[in-house]
Amino acid sequence: YPSDYGYATGGGTTYKRDACLQKEMVRWNIGSYKTDCAGGSWLYNSSTTQWTLSPFSGDSGNVFVVYPIGYVDYFAIGTPGVRPVVYLNSDVNIMGGTGESGDPYILSE
């Protein structure tokens, strides 16, 4: 979801996390917003365009997209990759595995 990308930011030097979360993600490609907000998101990837799993307004032809320049938009074209996201509770530990398809993570509480 686009919100996963937004909530994944830690902010930066000029704009802290709270300021990033108040700024529209469509503006995260401007100046310090790009370096602090987009660059501070562990989901940001400056080398590829990514689609989200969620469609814009229920129309699967218009999914949200995260562009390599840092901002989120609602019209995706092309064939970028999708990276699944899973949030773990703080009491869940990764006990083994690399996370690759042939060696999945082993989780334990």
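Check the entry above for the structure.
First, a word on what this report is: a plain description of the structure on this page. As the structure is a prediction and not an experimental result, all values here were calculated from the model.

Conventions used here
Residues numbered from 1 in each chain as written. Predicted model: local features only at pLDDT ≥ 70, side-chain atom pairs only at ≥ 80, totals over all residues. Heavy atoms only, no water. Helix = DSSP H or I, 4+ residues; strand = E, 2+ residues; numbered from the N terminus. Buried < 20%, exposed > 50% of the residue type's maximum accessible area, 1.4 Å probe, protein only. Contact = heavy atoms within 4.5 Å. Areas by Shrake-Rupley, 256 points an atom, 1.4 Å probe, with all protein chains shown as cover. Phe/Tyr/Trp six-rings, centres within 6.5 Å; stacked < 30°, edge-to-face > 60°.

1. Points about the overall build of the protein chain
- Secondary structure summary: the protein chain contains three helices and five strands in total.
- Counted from the first residue to the last, the protein chain has its helices and strands arranged as α-α-α-β-β-β-β-β.
- Looking at the 109 residues of the protein chain, the share that counts as buried comes to 28%.
- Within the protein chain, residue pairs in contact and separated by at least 24 positions form 39% of the contacts whose partners lie at least 6 positions apart.
- Per element, the accessible surface of the protein chain, about 7000 Å² overall, is 53% carbon and sulfur.

2. Overview of the packing of aromatic side chains
- If you walk through the whole model with that rule in mind, you get three aromatic pairs.
- Here the aromatic rings of Tyr15 and Tyr33 are separated by 4.0 Å at their centres, their planes lie at 10°, and the arrangement is stacked. Here Tyr15, found in the loop between α1 (2–7) and α2 (17–22), pairs with Tyr33, found in helix α3 (residues 31–38); they are 18 residues apart in sequence, far enough to count as distant.
- Relative to Tyr71, the ring of Tyr67 lies with its centre 5.2 Å away and its plane at 40°, an arrangement referred to as tilted.
- The partly exposed category is assigned to Tyr67, whose relative accessible area is 22%.

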